[in-house]
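Structural overview
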Amino acid sequence: EHIQWSTNVIAISTISLSTAVSIIGYKFSMRILVLISLLGGLLTPLIIKASPEQDFILFLYIFILNISALYLSAVKNWREIRLVTFISTVLIYITYYFYFDPVYWVKPFIYASILYFVYLIGLILSSWKEENKFDGVNLYIGLINGINYVFWSIFIFSSFEIPYVIPVLIVGTSFILASA
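Our subject in this report is the structure included herewith. A quick note: this is a predicted structure, and the numbers were derived from the prediction, not measured.

1. Describing helix α3 (residues 55-76)
- Between its terminal C-alpha atoms α3 stretches 31 Å, which fits the 32 Å expected from 22 residues at 1.5 Å a residue.
- Residue Asn77 follows α3 closely and has a positive phi angle near 60°.

And the structure:
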């Protein structure tokens, strides 16, 4: 059953709670508290079973959480946060796609694209912060991010009979630019 809260109430309450707990965890270097806060925040859209009208604000919230997680992970050098939030976000996307069964390709493709670029940029910046260490967790998450994006793009576009060469070009071009 759907929760009948307004979109604004959901956005304000989830952002406030996640922000407060994350700030406390950050100030006192409590990485487990930050991880639990981010994971709980990421699971919120699944728990409250948002209606299709609320999916935009909830995905915006998820991407804000991902940007925050990448920032905290880079500043505090807590690598497990970027791995857990990436995996959680991919699972949320899978659930979203099959739960809402989108009628048009635009929304799911935009959400997948935003996820791809948030992690592409976030991983590059965190690698620079770590003195140009483009290996380990950042490398593997970056590769999985690209594969995930291409997979979802092909899946989405083939469902709506749209050619899917564009996402492959996007990933190839962004990888070339990132390597430069």
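2. Examining the nonpolar core
- Counting residues in each nonpolar core, the largest one holds 24 residues, and the members touching the most others are Tyr93 and Tyr119.
- Elements with a minimum of two residues in this core: α3, α4 (79-100), α5 (106-129) and α6 (137-159).
- A total of nine residues in this core trace back to one element, the largest contributor, which is α5.
- With sequence-adjacent residues up to four places away left out, Tyr93 is seen in contact with Phe59, Pro108, Phe109, Tyr111, Ala112, Trp152 and Ile156.
- Ranked by size, the runner-up nonpolar core spans twelve residues in total, among them Leu42, Tyr61, Ile62 and Ala69.

3. Concerning the layout of surface pockets
- Here the second largest pocket is characterised by a volume of approximately 230 Å³.
- In terms of lining residues, the second largest pocket is bounded by 13 residues, among which Thr19, Ser22, Ile23, Ser68 and Leu72 are the most central.
- Elements with a contribution of two residues or more to the lining of the second largest pocket: α1 (7-27) and α3.
- Considered class by class, the residues forming the lining of the second largest pocket number nine nonpolar, four polar and no charged.

4. What about the packing of aromatic side chains?
- A complete count under the given rule lists eleven aromatic pairs for this structure.
- Centre to centre, the rings of Phe86 and Tyr119 are 5.0 Å apart; their planes meet at 70°, and the pair counts as edge-to-face. Of the two residues, Phe86 sits in helix α4 while Tyr119 sits in helix α5, which places them 33 residues apart along the sequence. Just as Phe86 is buried, Tyr119 falls in that class too.

5. Examining unusual backbone geometry
- Notably, Ser29 is not glycine yet its phi reads approximately 50°, a positive angle.
- The phi angle at Asn77 is positive, at roughly 60°, despite the residue not being glycine.
- For Asn77, a relative accessible area of 40% translates into the label partly exposed.

6. Remarks on the pattern of salt bridges
- Taken as a whole and judged by the stated rule, the model has one salt bridge.
- Between Arg31 and Glu80 there is a salt bridge whose closest N-O contact spans 2.8 Å. Of the two residues, Arg31 is situated in helix α2 (residues 31-48) and Glu80 in helix α4; the sequence distance between them amounts to 49 residues.
- By relative accessible area, which is 34% here, Arg31 ends up partly exposed.
- For Glu80, a relative accessible area of 30% puts it in the partly exposed group.

Cut-off values and rules
Residues numbered from 1 in each chain as written. Predicted model: local features only at pLDDT ≥ 70, side-chain atom pairs only at ≥ 80, totals over all residues. Heavy atoms only, no water. Helix = DSSP H or I, 4+ residues; strand = E, 2+ residues; numbered from the N terminus. Expected span 1.5 Å × (residues − 1). Core = buried A, V, L, I, M, F, W, Y, C linked by side-chain atoms within 4.5 Å. Buried < 20%, exposed > 50% of the residue type's maximum accessible area, 1.4 Å probe, protein only. Contact = heavy atoms within 4.5 Å. 1 Å grid on protein atoms, 1.4 Å probe; cavity = no way out; pocket = protein on both sides within 12 Å on 5 of 7 lines; lining within 4 Å. Points joined across faces, edges and corners; volume = space filled by probe spheres on them. Nonpolar A, V, L, I, M, F, W, Y, C, P; charged D, E, K, R; others polar. Phe/Tyr/Trp six-rings, centres within 6.5 Å; stacked < 30°, edge-to-face > 60°. Salt bridge = Lys/Arg side-chain N within 4 Å of Asp/Glu carboxyl O.

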